[in-house]
Amino acid sequence: MSDGRWENLRDELVKGFWTDSQVCHIFAGLIEITEDGEYACVEIEEEGLKKAKQDVRDRLLGIWKVTEHKTEDLEYYAQGFTKFWKTTYCVSWATNNHIKIPWLDWAIDEGYIAHDVKTD
């Protein structure tokens, strides 16, 4: 059964890879967008909590940046200075760091994330 509250997340999940910033936005409940050539973000669900979600995003980005991403575990590619991380790696990172992913069960049920995403 599809949970309509996560519909905005579908396009992000089919990308397969996220930037550092996208990882932290998505786990905070936000999606990066460009509006009229300017960076912005929209809430995935529960609108009206944007400021609180941005604070969570900033906290997660701090954790992400200081995490040792071991090369034997990495699933990423680089384009210039930007790294693109495989979504399954991002989900594993979050679950291993006890970061709650409210949409994870939905994404697994919908087939966007494999049932056997590795967690330590």
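Structure: above.
Because the structure is predicted, anything quoted here is derived from the model rather than measured. (Residues numbered from 1 in each chain as written. Predicted model: local features only at pLDDT ≥ 70, side-chain atom pairs only at ≥ 80, totals over all residues. Heavy atoms only, no water.)

### Some thoughts on the packing of aromatic side chains
Logical step 1: Within this structure, the stated rule accounts for ten aromatic pairs.
Logical step 2: Plain terms: the ring middles of W18 and F27 are 6.0 Å apart, the flat faces sit at 80 degrees to each other, and that makes the pair edge-to-face.
Logical step 3: A residue is classified by how much of its surface remains accessible, and W18, at 0% relative accessible area, is buried.
Logical step 4: Of the residues examined, F27 reaches a relative accessible area of 8% and is grouped as buried.
Logical step 5: Among the aromatic residues, ring-to-ring pairing joins W64, Y76, W85, Y89 and W93 into one connected group.
Logical step 6: Note that K83 overlies the ring of Y76, its terminal NZ or CZ placed 5.0 Å from the centroid. (Phe/Tyr/Trp six-rings, centres within 6.5 Å; stacked < 30°, edge-to-face > 60°. Buried < 20%, exposed > 50% of the residue type's maximum accessible area, 1.4 Å probe, protein only. Lys NZ or Arg CZ within 6 Å of the ring centre and 35° of its normal.)

### Brief notes about the pairing of strand β2 (residues 30-35)
Logical step 1: Two elements, β2 and strand β3 (residues 38-43), share six bridges in a ladder whose sense is antiparallel. If you follow E32 over to β3, its bridge partner there is C41.
Logical step 2: Two successive antiparallel strands, β2 and β3, enclose a turn made up of two residues, where D36 displays a positive phi of approximately 50 degrees. (Pairing = 2+ DSSP bridges. Helix = DSSP H or I, 4+ residues; strand = E, 2+ residues; numbered from the N terminus.)

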